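# Structure assessment
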Amino acid sequence: MEQVLKARPEVVREYFRLFVNRRAFTIQSKKPHPESGRHYYFRPKAKATGKPVCLSDRVLKQHLEGESTIGLYAINPATQRCKWVAIDADYKDSMEDLLKLQYYLQEDEVQAALEMSKRGGHLWIFFERPLLARECRIYIYDLALKLQVPVKGAGLVEGIEVFPKHDELQQGEFGNAIRGPLGVHRGAKRRFWFYGADYTLEHQMAYLKRLRKVSEEELRRYVAGKSLPTELMGRRRDGDHALPTSRPTSLEFRILEHINSKLRKVGRNYVTRCPSCADSGHDRSGDNLAIRIDDPRFYKCWAGCTKEMIREALGCPIRFRQSA
Ligand SMILES: [Zn+2]
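Residues numbered from 1 in each chain as written. Predicted model: local features only at pLDDT ≥ 70, side-chain atom pairs only at ≥ 80, totals over all residues. Heavy atoms only, no water.

## Details of the side chain of Q80
The condition that has to hold: Strands here are runs of E lasting at least two residues and helices are runs of H or I lasting at least four, both read from the DSSP assignment and numbered beginning at the N terminus. When accessible area is computed with a 1.4 Å probe and restricted to protein chains, residues below 20% of their type maximum are described as buried, those above 50% as exposed, and intermediate ones as partly exposed. Pairs of N or O atoms are called polar contacts if they sit within 3.5 Å, as long as, within protein, a hydrogen donor faces a hydrogen acceptor (for residues adjacent in sequence, only side-chain-to-side-chain pairs). We call two residues in contact whenever any of their non-hydrogen atoms come within 4.5 Å of each other.
As for its placement among the helices and strands, Q80 is situated in the loop between strand 3 (70-73) and strand 4 (81-89). Residue classification places Q80 among the buried residues on the basis of a relative accessible area of 15%. A distance of 2.8 Å separates the side chain of Q80 from the backbone nitrogen of L169, its partner in a polar contact. With near-sequence residues (within four places) excluded, Q80 lies in contact with I75, L131, L132, A133, E168 and L169.

Shown next as structure tokens:
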């Protein structure tokens, strides 16, 4: 049983300052899904009004004290900037890759904090002030490529995942959320700490605060002349199927624009790995998700993932009706 911790207001404030890019957030369900046994994240709504709940000090306090567990979005949609980059690795021997990245980041004087996770870990890099998601991604992908650290989605089933997962968010998008550090993982029923400090909220936050933060000028220097490696772009790398050439005119969700795994034609459907199954390490044969070729608005996971779960895994959760 996880001990009860108290999060003092200074700790909550510091946490907000370091980690919160926007007021939208996700929360991990307290009960596991009856079929998959997983604790999914969803965007909470106020019971009375049905409006999305805003990330407040109270929410952060509950997260830090282990009462609930939240997911944090990587990009502020108003600026397309991020306060941090998180590298998530949960495959076999992934810790070695994270330590390798941490070591070589240090050569650039980038101090990255390593957080334990259920399997593997998360490596966090913080910035002096929020930096463009696109440039953050170029930097990390370039380093991963140099070090031959596998990147998930680049034709590989296993590899690191980089948050932010998008260069930019379109209007109404949220991108992907990652479990807020120092919270209790509902599935694992325990808290995961950073390696660099004693296991108390105060020591952990003081450690993160002390880390050298990367400036915009430095990052620009590291990414000068570089672009996102095409094989890691996360979009079509082959001629499997064509993308619509024009930008979507409405906010209609087009699943084919978000699928990174290889598509195969089977009868009237495309068949590919279900992103929601993939998140939990399932569907290794890559054939759970069927998408109708003639009308890709219709898709189905044969393992039973709901539309909500699939959209969430793609970083495009089904939007709530909301005024703002
Ligand atoms: Zn699925």
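## Observations concerning the coordination of the zinc ion
Under the convention used in this document: With water excluded from the atoms, a metal site may look incomplete; its donors are any N, O or S atoms within 2.8 Å, or within 3.2 Å for Na, K and Ca. Key to geometry: four donors with every angle between 85 and 135 degrees are tetrahedral; four donors are square planar and six octahedral where opposite donors lie over 155 degrees apart and all remaining angles lie between 65 and 115; all other sites are irregular.
Coordination of the zinc ion by the protein is provided by C274 (SG), C277 (SG), C301 (SG) and C305 (SG), with metal-donor distances spanning 2.2 to 2.3 Å. Each of the 4 donor atoms around the zinc ion contributes to a set of angles spanning 107 to 115 degrees, which defines the coordination as tetrahedral. Positions of the donor residues of the zinc ion along the chain correspond to the pattern C-x2-C-x23-C-x3-C. You can see C277 sitting in helix 7 (residues 275-279) and its partner C301 sitting in strand 14 (residues 299-301), a full 24 residues away along the chain. Assigned by exposure class, C277 and C301 land together as buried.

## Considering the sheet that holds strand 7 (residues 161-163)
So the rule is basically this: By this definition, two strands are paired if DSSP reports at least two bridges between them. For helices, the fitted axis covers only the stretch in contact; all axes are lines through C-alpha atoms, and the angles between them, taken along N-to-C directions, range from 0 to 180 degrees.
Reading across the sheet, the 4 strands line up as 5-6-4-7 and stay open at both edges, with antiparallel pairing between neighbours. One side of each edge strand has no neighbouring strand; the edge strands of this open sheet are strand 5 (113-116) and strand 7. Averaged over all neighbouring strand pairs, the angle between strand axes comes to 25 degrees, with direction disregarded. In the sheet, strand 4 pairs with strand 6 (residues 121-132) via 8 bridges, with the strands oriented antiparallel. The residue bridging A89 from the neighbouring strand is G121, located in strand 6. The strands touched by helix 1 (residues 9-19) are strand 4 and strand 6; relative to strand 4, the strand with the most contacts, the crossing angle is about 90 degrees.

## Some remarks on the confidence of the model for the protein chain
Note the following rule: In predicted models, pLDDT denotes the confidence assigned by the predictor to each residue on a 0 to 100 scale.
Mean pLDDT over the protein chain stands at 87; residues scoring 70 or higher make up 90%. Mean pLDDT per element in the protein chain: strand 11 (residues 264-266) is the minimum at 86, and strand 4 is the maximum at 98. Across residues 235-249, confidence stays below pLDDT 50; counting only partners more than four residues off in sequence or on other chains, it has 25 contacts.

## Points about the pattern of salt bridges
Stated formally: When a carboxyl oxygen of Asp or Glu lies within 4 Å of a side-chain nitrogen of Lys or Arg, that pair is called a salt bridge.
All chains considered together, the criterion is met by 21 salt bridges. With a shortest N-O distance of 2.2 Å, E10 and R8 are connected by a salt bridge. Each of R81, E135, E216 and R220 takes part in one network of salt bridges that share partners.

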